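Each chain, letter by letter, is given below.
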Amino acid sequence: MNIGIIQPYSNGFLEVVPESDYWQIAAIHINGQAYCPTPQLYRSEKVALAKATQIYDWIADHEQQISDETCYCSELKLILWQQPKVS
């Protein structure tokens, strides 16, 4: 049973999970924050991880501009929301 992939990337990590015959990005973790993109299915783990790296890079470049818990990324045409930190 495959429960997903957690792959280190830059100063964080990427999390993708299988959904039947497809893959979905569960979260992008950067600087202690978890960001979840609009749910979308990808044909392979490799494609999902490639998209997750694009999203990570976008967040890293725009982190100071993300002030709300949700934001729209027009470049990648998706919505991101921050998962609250568990204390």
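What you are looking at is a predicted structure, and each value in this text was computed from that prediction instead of being measured.

Chemist: Mind showing me how you'd approach the overall build of the protein here?
Modeler: Looking only at helices and strands, the protein has one helix and seven strands in total. Traced from its N-terminal end to its C-terminal end, the protein shows the element sequence β-β-β-β-β-α-β-β. On C-alpha atoms alone, the protein measures out to a radius of gyration of 12 Å, which is about the 12 Å that the 2.2 N^0.38 rule sets for 87 residues. Each principal axis of the C-alpha atoms in the protein carries an extent, and together these give about 35 × 30 × 20 Å.

Chemist: Looking at this model, I keep getting lost on the pairing of strand β7 (residues 78–83). Mind explaining?
Modeler: Two faces make up the sheet, and in a regular strand the side chains alternate between them. Bridge count for strand β4 (residues 33–37) against β7 is four bridges, and the pairing is antiparallel. Counted as the bridge partner of A34 is Q83 from β7. Across four bridges, strand β6 (residues 70–73) lies against β7 in antiparallel orientation. Each bridged residue has a counterpart across the sheet, and for T70 the counterpart in β7 is W81. Connecting β6 to the antiparallel partner β7 that follows it, the hairpin turn spans four residues, and K77 within it adopts a positive phi of roughly 55°.

Rules and cut-offs
- Residues numbered from 1 in each chain as written.
- Predicted model: local features only at pLDDT ≥ 70, side-chain atom pairs only at ≥ 80, totals over all residues.
- Heavy atoms only, no water.
- Helix = DSSP H or I, 4+ residues; strand = E, 2+ residues; numbered from the N terminus.
- Rg over C-alpha atoms; globule rule 2.2 N^0.38 Å.
- Pairing = 2+ DSSP bridges.

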